[in-house]
Amino acid sequence: MSRIGRMPIAIPAGVTVTLADGVCTVKGPKATLTQKVHPNMIVTIAENEVLVTRPNDNKENRALHGLTRSLIHNMVVGVTEGFKKELDVNGVGYRVQKQGKDLIMNLGYSHQVIVSEVEGITIDAPTANKIIISGADKQKVGQFAAEVREKRPPEPYKGKGIKYVDEVVRRKEGKTGGKKK
């Protein structure tokens, strides 16, 4: 039995979970999220909790059991608290600033890199070298953070670039000026 899949999902006050035509909808104070549920999974909604069960122990059903529970749990957390990713910008002359709904980044290129907010995602730049991306959908927040990081990923020699706050950049040793004969 899946350890994650069999755990019930508590529904906090102010959140409604509905299931219709194989689509799970979670409404909360921050947003409304929908997720298609695989037809093999059995989702039951009690008074204040959601339970995901599987019909049998086939390999595919075992794999989908924990996944389905995690997706619904992430929607419940997203509509109540939301998700956020923090990014650090390291490098001489590298800086970011928020201008309206755009994030303007100076990343050592000959031009500025401009990234606009998408629906459901908010960007914040509290300092010149910190970016905070937040939203209700965990997948969208992670994908958008990865796209921003992709503009200038951290390089291993000096550590310059955009990295996640909790990311550790493996540093390499540079060239050692060898003797010439």
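Refer to the structure presented above.
Calculation criteria
Residues numbered from 1 in each chain as written. Predicted model: local features only at pLDDT ≥ 70, side-chain atom pairs only at ≥ 80, totals over all residues. Heavy atoms only, no water. Salt bridge = Lys/Arg side-chain N within 4 Å of Asp/Glu carboxyl O. Helix = DSSP H or I, 4+ residues; strand = E, 2+ residues; numbered from the N terminus. Pairing = 2+ DSSP bridges. Axes fitted to C-alpha atoms, helices over the stretch in contact; angles between N-to-C directions. Phe/Tyr/Trp six-rings, centres within 6.5 Å; stacked < 30°, edge-to-face > 60°. Lys NZ or Arg CZ within 6 Å of the ring centre and 35° of its normal. Expected span 1.5 Å × (residues − 1). Buried < 20%, exposed > 50% of the residue type's maximum accessible area, 1.4 Å probe, protein only. Arc of directions from axis to C-beta. Contact = heavy atoms within 4.5 Å. Polar contact = N/O pair within 3.5 Å; in protein donor to acceptor, adjacent residues only side chain to side chain. Core = buried A, V, L, I, M, F, W, Y, C linked by side-chain atoms within 4.5 Å.

## Overview of the pattern of salt bridges
- Scanning all chains against the criterion turns up seven salt bridges.
- Between D88 and K130 there is a salt bridge whose closest N-O contact spans 3.6 Å. A residue pair is termed long-range when its members are at least 10 positions apart, and D88 in strand β7 (residues 83-90) and K130 in strand β12 (residues 130-135) qualify at 42 residues.
- Its salt-bridge partner being R149, residue E167 comes within 2.7 Å of it at the nearest N-O pair.

## Observations concerning the sheet that holds strand β8 (residues 95-99)
- Pairing within the open sheet is antiparallel, and its three strands lie in the order β8-β9-β10. Each end of this open sheet is capped by a strand with a single partner; those strands are β8 and β10 (113-116). With strand direction ignored, the average angle separating the axes of adjacent strands in the sheet is 20 degrees.
- Two strands pair when backbone bridges link them, and strand β9 (residues 102-106) and β10 are joined in this way by four bridges, in the antiparallel orientation. Residue pairing across strands places D102 opposite S116, the latter belonging to β10.

## Here's the deal with the packing of aromatic side chains
- A full pass over the atoms with the stated rule returns zero aromatic pairs.
- In this arrangement the basic side chain of K85 is found over the ring face of Y164, its NZ or CZ atom lying 5.4 Å from the centre.
- For the cation-ring pair, R152 lies above Y109, with the distance from its terminal atom to the ring centre recorded as 4.2 Å.

## A closer look at the pairing of β8
- Two strands pair when backbone bridges link them, and β8 and β9 are joined in this way by five bridges, in the antiparallel orientation. Looking across to β9, one finds that R95 is bridged to N106.
- If you look at the hairpin formed by β8 and β9, you'll find two residues sitting between the two strands, and G100 has a positive phi there, around 70 degrees.

## Notes on helix α1 (residues 59-80)
- In this model, α1 (22 residues) spans 33 Å end to end at C-alpha, consistent with the 32 Å of a helix rising 1.5 Å per residue.
- All of the buried residues in α1 are N61, L64, H65, G66, T68, R69, I72, M75, V76, V77, G78 and V79.
- Looking one or two residues past α1, G82 carries a phi angle of roughly 90 degrees, positive in sign.

## Description of the sheet that holds β7
- Strand order in the open sheet formed by four strands is β11-β12-β7-β13, with antiparallel pairing between adjacent strands. Each edge of the open sheet carries a strand with a single partner, namely β11 (121-124) and β13 (161-164). Ignoring strand direction, the axes of neighbouring strands in this sheet form an average angle of 25 degrees.
- When β7 meets β12, the two strands line up antiparallel, connected through six bridges. Pairing of D88 across the sheet is with K130, part of β12.

## Quick notes on helix α2 (residues 138-149)
- With twelve residues, α2 ought to run about 16 Å at 1.5 Å a step, and its terminal C-alpha atoms sit 17 Å apart, in line with that.
- Turning to α2, its buried residues are V141, F144, A145 and V148. For α2, the angular spread of the buried residues around the axis is 100 degrees, confining them to a single face.
- Residues of α2 that are buried make contact with β7, β9, β10, β11, β12 and β13.
- N-cap assignment for α2: the residue whose side-chain oxygen lies 3.2 Å from the backbone N of Q139 is D137.

## Description of the nonpolar core
- Formed by 22 residues in total, the largest nonpolar core has its most connected members in M105, I131, I133 and V148.
- Elements represented by at least two residues in this core include exactly β7, β9, β10, β11, β12, α2 and β13.
- For this core, the leading source of residues is α2, giving four residues.
- Once you skip the residues sitting within four places of it in the chain, V148 turns out to touch L87, M105, V115, I131, I133 and I162.
- Formed by 18 residues, the second largest nonpolar core is a distinct cluster that contains V37, L64, I72 and V79.

Purely geometric numbers; function is a separate question.
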